[in-house]
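Breakdown of the fold
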Amino acid sequence: MGGGGFNAWRLAALSPWPRWALGLLALAALAAVLLAWRGLRGEPRPGRRAALLALRALSAAAALFLLAEPAVQLLQTARVKNRLAILVDTSRSMRFPVEPGGPSRAEAAAAFLRAHRAALEALGDRATLEWHTFDRDVAPADPAALARGAEPRGGRTDLLSALRAVGAGSASGRRLAGAVVISDGADNAALADGLTPAARAALRELHAPVTAVAVGRDAPKDLAVERVAVDDFAFVRNTLTVEATLHARGFDGEPAQVTLRREGQVVASATVRLEAGKERYVVPLSFAPDTTGTFVFTVQAPVFPGEAVVENNARSFVLRVIRDRVRVLLVAGRPSWDERFLRGLLKQDPNVDLISFFILRTANDRSGPQDELSLIPFPVNEIFGDQLRISDAVIFDDFGWEPYRSFGMEAYLPRIRDYVRAGGAFAMVGGEQSFGEGRYGGTPLADVLPVEVVDGLGMAEEEFRPRLTPEGRRHPVTGLAGGEAQSDAAWAALPPLPLLNRTRALPPGSGAQVLLEAPSVPVMGRPAPVVAVREVGAGRTLAVTTDSSWFWGFLAAEKEGGNARAYQRFWSNALRWLVRDPSLTPIQVSPDRPAVEPGEAVGLSIQARGADWGPAAGAPVTAELVGEDGKVVARGQAAAGADGVARLSLLPPGPGAYRVVATGPPAAPGAPPEQASSAVAVRASGPEDADAAPRPELLRAVAEATGGAFTALPSGGLPDVPLADPEVVEVGRRKDVPIWDRAGFLLLLAASLAGEWILRRRWGYG
């Protein structure tokens with residue numbers, strides 16, 4: 001193309017006029033032609049009309065041509081050699097045989113590379129070769145090492161992400177000309193469900209053909225627990241059904257017993273017959289959990305001779321078992337507004353199963369034989385025997401024990417104390433028969449109360465306004481709002497209360513905390529407690545030293561802007577704290593994931609709170625992994641950060657169900673260390689082992705969607721590898737050769753203008 005090494009050309013405009021000006025001139029030329037056409041509409045002879053319009057159009061075109069000053073631009077260009085990515089699958093599914101009794105898929109891929117490496121390297125004349133391995137991630141590889149055989153270790157196959165990674169470009173900025181993928185197609189990421197519309201769109205964005213080489217032909221014999229369908233939580237003592245989906249190949253009528261185990265203990269089982277030609281079975285497994293907590297359950301299918309993979313015959317999952325309802329025993333000494341509000345609140349709560357008793361006696365009533373005092377015998381043994389054993393929490397609302405001395409009530413007070421120490425929850429609500437007025441001072445029950453009961457102090461009848469203590473600002477029982485300042489403001493806005501049982505705060509070291517106090521009611525020089533809590537052994541107690549807490553619901557609702565839900569929020573918090581709701585424990589442990597793949601560590605977050613319920617910064621915490629046999633298999637220690645959270649990572653020794661036990665500082669001096677537990681499952685098989693079948697149809701679909709080629713091993717060889725056209729770039733100088741400055745173009749314009757003028761004069765249009 002001429003001298004000077006030019007090898008390409010293109011048309012260009014040399015006009016000094018800007019583009020917008022040339023556009024306006026083109027519109028003016030068009031307008032001139034339209035005006036001529038309009039003026040000739042009355043011409044009866046078509047020949048004359050056509051001749052004049054042709055001359056006008058020729059003049060306009062010639063004028064525009066000369067104004068644009070067109071030229072031929074000579075260029076020196078070069079074709080950029082783009083990239084060809086060769087991707088070899090190194091996920092664990094490549095360990096499976098190509099066909100029963102044959103070599104592994106990884107070995108077949110290596111043999112293919114040895115046989116066709118020269119042909120692939122010959123493509124280097126058209127593109128720069130890049131060799132990679134891929135599974136979950138993409139990594140550069142040495143072609144010689146790939147030909148010897150790469151170790152299939154990857155825990156997941158993500159073909160689409162691999163293609164996106166190589167298509168994103170390299171440091172050189174060169175585009176992708178194509179890709180050769182050598183894989184079994186067992187994708188378990190974005191292409192697990194085939195080529196969805198989103199996946200097709202992502203493949204089109206590559207703008208490069210993908211040549212697929214499918215490794216693997218026949219699916220081996222295998223039985224796998226493919227998936228488990230179950231809710232995130234279950235209710236204790238309520239029947240739950242777990243649906244296990246089995247994937248079976250290569251069977252002919254064999255029976256298979258499927259079991260469901262909870263940390264080693266069989267809780268349900270079912271038998272299914274594996275028929276020839278049928279691959280999927282849904283097996284329901286029903287059971288009723290009998291204990292609350294977080295547990296690891298495992299669905300186990302039998303292992304048959306000749307199976308390709310035995311690790312996928314079990315699948316574990318984590319299930320949280322919660323109370324369906326909290327059983328509360330309410331014992332009231334007399335009808336009152338406080339009792340009415342509390343009983344109504346508990347009855348309306350769908351999470352509470354309420355058992356209530358009214359005992360209509362006072363401390364002034366004469367004690368005597370039971371058959372002389374009541375038409376209906378006082379059920380003291382039923383209340384503090386059978387009901388106590390099955391209750392999660394016991395509440396005494398204005399109930400005094402002394403009138404029932406003749407009923408043997410005195411003998412049941414130690415039983416209530418022991419119930420608390422063994423993990424029970426107890427609350428005492430004030431009134432004329434509670435605390436000191438109820439003669440509880442010096443009784444066994446006083447040993448576990450969160451306040452000191454002194455008989456004879458009497459009741460304060462003057463109006464008082466409760467105030468949060470520093471501990472109360474952080475404690476969950478008295479948290480009415482999201483933060484300390486908001487909660488303090490919410491309590492300050494509540495109405496004052498009229499009656500208070502005078503008690504004293506317990507000394508430090510007792511495990512008790514005063515959350516609300518009455519500054520205007522001093523007892524022994526200190527504000528009287530209004531709400532106090534205590535950790536006693538494995539149990540908890542609560543004291544509300546007034547029988548007018550219902551004001552927080554009734555009168556607060558009447559007050560403009562009042563918090564009508566304060567009463568409900570307070571008692572809900574109190575009940576949850578008493579029964580040790582997991583969300584309100586001083587220490588909490590949460591695995592990062594409920595189940596991890598084989599070989600992965602278990603990440604843990606441990607939240608620790610101090611005795612004041614603030615973040616326990618710097619507190620030492622310990623985490624243990626406990627196996628199904630009860631032995632500790634991994635242990636770690638850490639210190640909580642400024643936010644009270646400690647991070648730990650424990651490596652389990654192998655697949656199975658593990659209980660996570662976190663231990664932190666005791667909530668109070670002399671109390672046992674705080675503990676929390678959770679559970680985590682370490683799967684015996686990952687996604688790569690769940691299904692041993694190759695998916696050549698997926699690779700064929702990828703090749704067709706991108707305009708690439710497809711072949712299948714072992715019979716197929718290397719097909720013609722299509723590549724995208726290389727990019728052409730200008731690499732040298734350019735030269736402009738004008739074509740507008742020829743005299744003929746100017747004469748053409750003059751001739752067309754003169755011809756139109758002459759004809760118009762001759763035909764009477766002048």
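Everything numeric here is computed off the predicted structure, so don't read it as measured data. (Residues numbered from 1 in each chain as written. Predicted model: local features only at pLDDT ≥ 70, side-chain atom pairs only at ≥ 80, totals over all residues. Heavy atoms only, no water.)

In this section: the packing of helix α2 (residues 46-68) against helix α17 (residues 743-762). Where α2 contacts α17, the two axes come as close as 9 Å, and the packing angle between them is 150 degrees. Taken together, the axes of α2 and α17 lie roughly antiparallel to each other. For α2 against α17, the interelement crossing comes out left-handed. Residue-level inspection shows Leu52, Leu55, Arg56, Leu58, Ser59, Ala62, Ala63, Phe65 and Leu66 of α2 in contact with α17, the latter providing Phe745, Leu746, Leu748, Leu749, Ser752, Leu753, Gly755, Glu756, Leu759 and Arg760. The class makeup of the residues in the contact of α2 with α17 is 13 nonpolar, three polar and three charged. (Axes fitted to C-alpha atoms, helices over the stretch in contact; angles between N-to-C directions. Helix = DSSP H or I, 4+ residues; strand = E, 2+ residues; numbered from the N terminus. Parallel < 35°, antiparallel > 145°, perpendicular 65-115°, else oblique. Left-handed = near helix turned anticlockwise from the far one by under 90°. Contact = heavy atoms within 4.5 Å. Nonpolar A, V, L, I, M, F, W, Y, C, P; charged D, E, K, R; others polar.)

Considered for burial, the residues of helix α5 (residues 159-167) that qualify are Leu159, Leu160, Ala162, Leu163 and Val166. Around the axis of α5, the buried residues are gathered within 160 degrees of arc, so they sit on the same side. (Buried < 20%, exposed > 50% of the residue type's maximum accessible area, 1.4 Å probe, protein only. Arc of directions from axis to C-beta.)

Attention shifts here to the nonpolar core. Judged by nonpolar contacts, the single largest core of 47 residues is most densely connected at Val328, Leu542, Phe570 and Trp571. For this core, the element with the most residues is helix α14 (residues 566-578), which contributes eight residues. Sequence-distant contacts of Phe570, that is, excluding residues within four places in its chain, are made with Val477, Leu480, Trp491, Val531, Val544 and Trp552. (Core = buried A, V, L, I, M, F, W, Y, C linked by side-chain atoms within 4.5 Å.)

For Arg439, which is not glycine, the phi torsion reads 65 degrees and is therefore positive. Take Arg439: it is sitting in the loop between β19 (425-429) and β20 (451-452). Its relative accessible area of 36% is what places Arg439 among the partly exposed residues. Positive phi is not limited to glycine here, since Arg580 has a value of about 60 degrees. Relative to the elements of secondary structure, Arg580 occurs in the loop between α14 and β28 (587-591).

So, about the side chain of Arg83. Residue placement: Arg83 occurs in strand β3 (residues 83-89). Among the polar contacts listed, one links the side chain of Arg83 to the side chain of Glu130, at a separation of 3.0 Å. Looking at Arg83, its side chain comes within polar contact range of the main-chain oxygen of Val166, at 2.9 Å. (Polar contact = N/O pair within 3.5 Å; in protein donor to acceptor, adjacent residues only side chain to side chain.)

A separate point is the pattern of salt bridges. On inspection of all chains with the given rule, the structure shows 27 salt bridges. One salt bridge in this structure joins Glu121 and Arg117, with 3.0 Å as the shortest N-O distance. With a gap of four residues between them, Glu121 and Arg117 both fall in helix α3 (residues 105-122), about one helical turn apart. Overall, Glu121 belongs to the partly exposed group, its relative accessible area being 37%. Residues joined by salt bridges that share partners form a network here, namely Arg56, Glu756 and Arg760. (Salt bridge = Lys/Arg side-chain N within 4 Å of Asp/Glu carboxyl O.)

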